2 protein chains.
Amino acid sequence: MFGNQIAGKISCEGKRIFYSFNPSLNQQNTSAFPIATNEEVEHALAISKNSFYSFSSSKPSDRSKLLELIAEELALNKSIIAKAYCKESGLLLSRFEIEFKRTYEQLFLFSNFLKTPNFELLSETLGDQKNTLPHLVKKHVSIGPIVVFGASNFPLAYSTIGGDTVSALAAGCPVIVKAHPFHPETSFLVGEAINNAISKTNFSRGIFSQLFDNQYSVAHKLVLDNRIKGVGFTGSYIGGKALFDLANSRTIPIPVFAEMGSVNPVFVFPNSLQEKSEEWSSLFSKSITNDAGQFCTKPGLFFIPRSENGKRFVSMLSEKLIQEPSFTMLHPSIHFNFEKKKQEILDQSKGELIEKKESTVILEGRQGLFVTSASEFLEIESLEKEVFGPFAVICYYETINQLKECTEKISGQLTATILATQEELIENQSFLFLINHLAGRIIFNNVPTGVRVCKSMHHGGPFPATTDSRYTAVGSDSILRFMRPIVYQDNY
Amino acid sequence: MFGNQIAGKISCEGKRIFYSFNPSLNQQNTSAFPIATNEEVEHALAISKNSFYSFSSSKPSDRSKLLELIAEELALNKSIIAKAYCKESGLLLSRFEIEFKRTYEQLFLFSNFLKTPNFELLSETLGDQKNTLPHLVKKHVSIGPIVVFGASNFPLAYSTIGGDTVSALAAGCPVIVKAHPFHPETSFLVGEAINNAISKTNFSRGIFSQLFDNQYSVAHKLVLDNRIKGVGFTGSYIGGKALFDLANSRTIPIPVFAEMGSVNPVFVFPNSLQEKSEEWSSLFSKSITNDAGQFCTKPGLFFIPRSENGKRFVSMLSEKLIQEPSFTMLHPSIHFNFEKKKQEILDQSKGELIEKKESTVILEGRQGLFVTSASEFLEIESLEKEVFGPFAVICYYETINQLKECTEKISGQLTATILATQEELIENQSFLFLINHLAGRIIFNNVPTGVRVCKSMHHGGPFPATTDSRYTAVGSDSILRFMRPIVYQDNY
């Protein structure tokens, strides 16, 4: 029996239901999910607030233990989660294995982070002996109940027990998840694992709830409620910006950490292509097409010198790209938007589309490249827009000055990649200064996909890549999103 | 000749002028200040943006040197700055000395902070030997040109070279100051000191400009301009919230760090009054009245047990408060609002006003206390509002539960003060948990005024005390407002 999960109890008060979709079979799944009623939303909020003070004051070591128990429960339920995951996402079991491992290990990353001695301490400034200057101890304190929105493209690693939920729980913030309607069953099963883990601790059951809705009403109620103190979101610009505006319209505005995607530009310097074209065309053809390119770090925009080497690289890349396997996309709506956004580019720009011709799988993300020029890029706005799927725009540039002009036009990005020789990097310092202000992560001579989950990752970038470039959505520093400093003067 | 200061040049293009006011003499000053024209605003913005890339990439040690040069220039011009300061603020020379020292030393705090080895490095995670995991170096990068709004109550420490400007320059961000119209001459003289210092370095003159306006038009243009990447503000809720909304209405929203004042509640526990009433009544009578109570950390709300000890403490506090010296307020408008807000409380609440009877100085902030009950506090909203000036509301509470109820009603604060014995602190853990979520700084058995400027200070608190509780406006960590993390993958 599926239902909303409120503080450890399953609740099915509402009459409105929805179903998820199996993209691989191109048909609706059979499990019905009840949309949370106003009363259920209110109940989740009340119980979340009530659990906050004690959870916020809990020992980091106890929260650390909770995360390990969740990992254990996930492992116990791995096979049934896998079944729901593939059924609801169209992603292959091999991808499930990778994402499950990442989700599992992420729990231990945070669990270990919470074991850091004096985890909560930020700094201390001693008083003077005459007692005229106070003694100050600066610590972290958790901000309050958090709403997490599951992401369509990561049913595990960015959803019910994804980076947002894990970092909020690690911070001592109760979480209400609004499950993504593409994978409610996966979310529900993961929610049950979380509930089982909580039941083995002394924490209040109210620290976790999960609500279902395939529209926006539950999201609105949650984000506008005064008891909610922060929001984690991964998805489209439209969705993230709407939540940001909603949160800022409150009497008491709250931070929204929305990761809204990126085209992840790749800047290729001339000399770098002499030796590396073979290696890079292989790496990037996979980076663009893997899992139908449905990653926020998929490279979607290339600047390549208009030269023999440049053209050779593009031709190698096209050839390999077409030969890569194709994948079913996450949902008919994602597939529809993929085709629509490609068409918009074709309608507005004069470049050439190189595309895999025939579909071999259902709802296939048919990979392609669109080859045009930097001067056209400077004129046509849609060339800078993310096309979510296995697709990239190639712009041939004439001079480094033109490359700089393009760079200045590009809006905030999660990542920027530079392919260049050491000499070219040294020669182009002023270009590197520019790039510093474009993205949250700069990759040298490699692909942007495959985000490493660790302390030094920064997955975030200037607006519109995210709503708050100062915080990361990946890695242990993401806990900082859900804490703020507090100073104790002359005590503690 | 006074005028707008744009990249080291004085500019007086406009025909509209304004004058500042001498509160001590209750008359207008004679120096005219030209309001910046649209072209002057545009010029300052263009030159600020042009200077950004090189300033952002400058060595921290060079920026450190700049701050020391500014301190030197301030010291050279101290006596003429003092004259303008007193003439424009009504504050005494003794207060000037304190604020000048704080401003001067603050420059060295940041200058030394910039000398920290690897100042820009946040963390590093090594790759593995097989080269399957990338090497990540996380650093700080400056966010771009910043607009700083001078504050009425700190003509030096929170104005042209106050905490916001110093931390932005330290971060490598060019600054445009919108001078506060109460003290344009002080601002101009400080601006000249900054310009002299910059001219002794290799930095572009464009890293500092200062514009004048006694209305809101220049502020609007600056905050809405795409080249501006952040805002620092200290002042009223209305002013700060307007800037926050303006910044969020942009196509690319930017962070606004607005410190919007506070009532700084003081929670007094019963046993603590047995021994300490004498000492505390002296400390708090000064903390409320010093410089006419025109501080954002002035204690403006007390919760005192309804007991013999409690009543005795209030009577001692009232008596000493009345005997404290009175001061001229900063401006007729500040004086008007002070009297008006007191009257609002009198009109809405049934408590008793204890007030100094006769005025002895011009535009005097006549000190007073308003004595009422916690139950009235729970009902009447205006009792929680800040009255900017030497005034506080005293609420007698009956039980610790009632005290908790009041605490839960209070909105976000810069500080909260607890007067209690060690035993009372241990007994009232659940109250302390509550307090953790109320304020940015918790003071134990002392006054909240006299903010220490150092690494571990946190001057910031939950909305509406500030628009971003995660950042401090005082101390070296305030530099974090104007930087964001960036990761270099497999290079640097």
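These numbers come from a predicted model, not from an experiment.

For the rest of this paragraph, the subject is the relation of the copies chain A and chain B. For the pair chain A and chain B, the superposition axis carries a translation of 0.0 Å, the fit reaches an RMSD of 0.0 Å, and the rotation angle comes to 180 degrees. Considering both components of the superposition, the chain copies are consistent with a two-fold axis. Judged by C-alpha distance, Asn-248 of chain A is the residue of chain A that lies nearest the rotation axis, at 3.9 Å. Mapped onto chain B, 100% of the interface residues of chain A are again interface residues, and the two copies thus contact each other with one and the same surface.

Residue and element names in this part refer to chain B. Within the secondary structure layout, Thr-289 lies in helix 9 (residues 273-289). In terms of polar contacts, Thr-289 uses its side chain to reach the backbone carbonyl oxygen of Ser-285, at 2.7 Å. Excluding residues within four positions of it along the chain, Thr-289 makes contact with Leu-321, Glu-324, Pro-325, Phe-327, Gln-367 and Pro-390.

Residue and element names in this part refer to chain B. The strand order across the open sheet built from seven strands is 2-1-9-8-7-10-11, with neighbouring strands paired in mixed fashion. The open sheet is flanked by strand 2 (9-11) and strand 11 (256-259), the only strands paired with a single partner. Geometrically, the sheet is characterised by an average inter-axis angle of 20 degrees between neighbouring strands, direction not taken into account. One ladder, built from three bridges, connects strand 7 (residues 146-149) with strand 10 (residues 230-234); its direction is parallel.

Turning next to the packing of helix 9 of chain B against helix 10 (residues 308-323) of chain B. All names here are of chain B. Running from N to C, helix 9 and helix 10 point in directions that differ by 35 degrees, and their axes come no closer than 8 Å. Crossing angle aside, the handedness with which helix 9 passes helix 10 is right-handed. Mapping the contact onto sequence places Leu-273, Gln-274, Ser-277, Glu-278, Trp-280, Ser-281, Ser-282, Phe-284, Ser-285, Ile-288 and Thr-289 in helix 9 and Asn-309, Gly-310, Arg-312, Phe-313, Met-316, Leu-317, Lys-320 and Leu-321 in helix 10. When the residues that make up the contact of helix 9 with helix 10 are grouped by side-chain class, the tally is eight nonpolar, eight polar and three charged.

So, on to the pairing of strand 7 of chain B. Residue and element names in this part refer to chain B. Residues Ile-146 and Val-148 of strand 7 are buried on one face, and the alternating residues Val-147 and Phe-149, pointing to the opposite face, are buried as well. Examined bridge by bridge, strand 7 and strand 8 (residues 175-178) share four bridges and lie parallel to one another. What sits directly across from Val-147, in strand 8, is Ile-176. For the handedness criterion, the β-α-β arrangement of strand 7, helix 5 (residues 163-171) and strand 8 is classed as right-handed.

A turn of α-helix holds 3.6 residues, and therefore any two residues three or four places apart point the same way. All names here are of chain A. For helix 4 (residues 93-113), which comprises 21 residues, the first-to-last C-alpha distance of 30 Å matches the rise-based estimate of 30 Å (1.5 Å per residue) to within 8%. Arg-95, Phe-96, Glu-99, Phe-100, Arg-102, Thr-103, Gln-106, Leu-107, Phe-110, Ser-111 and Phe-113 are the residues of helix 4 that are buried. Those residues of helix 4 that are buried are in contact with helix 2 (60-76), helix 3 (78-89) and helix 5 (163-171).

About the thresholds
- Residues numbered from 1 in each chain as written.
- Chains lettered and ligands numbered in written order.
- Predicted model: local features only at pLDDT ≥ 70, side-chain atom pairs only at ≥ 80, totals over all residues.
- Heavy atoms only, no water.
- Least-squares fit on C-alpha atoms with pLDDT ≥ 70 in both.
- Contact = heavy atoms within 4.5 Å.
- Helix = DSSP H or I, 4+ residues; strand = E, 2+ residues; numbered from the N terminus.
- Polar contact = N/O pair within 3.5 Å; in protein donor to acceptor, adjacent residues only side chain to side chain.
- Pairing = 2+ DSSP bridges.
- Axes fitted to C-alpha atoms, helices over the stretch in contact; angles between N-to-C directions.
- Left-handed = near helix turned anticlockwise from the far one by under 90°.
- Nonpolar A, V, L, I, M, F, W, Y, C, P; charged D, E, K, R; others polar.
- Buried < 20%, exposed > 50% of the residue type's maximum accessible area, 1.4 Å probe, protein only.
- Right-handed = clockwise from strand over helix to strand, strands pointing away.
- Expected span 1.5 Å × (residues − 1).

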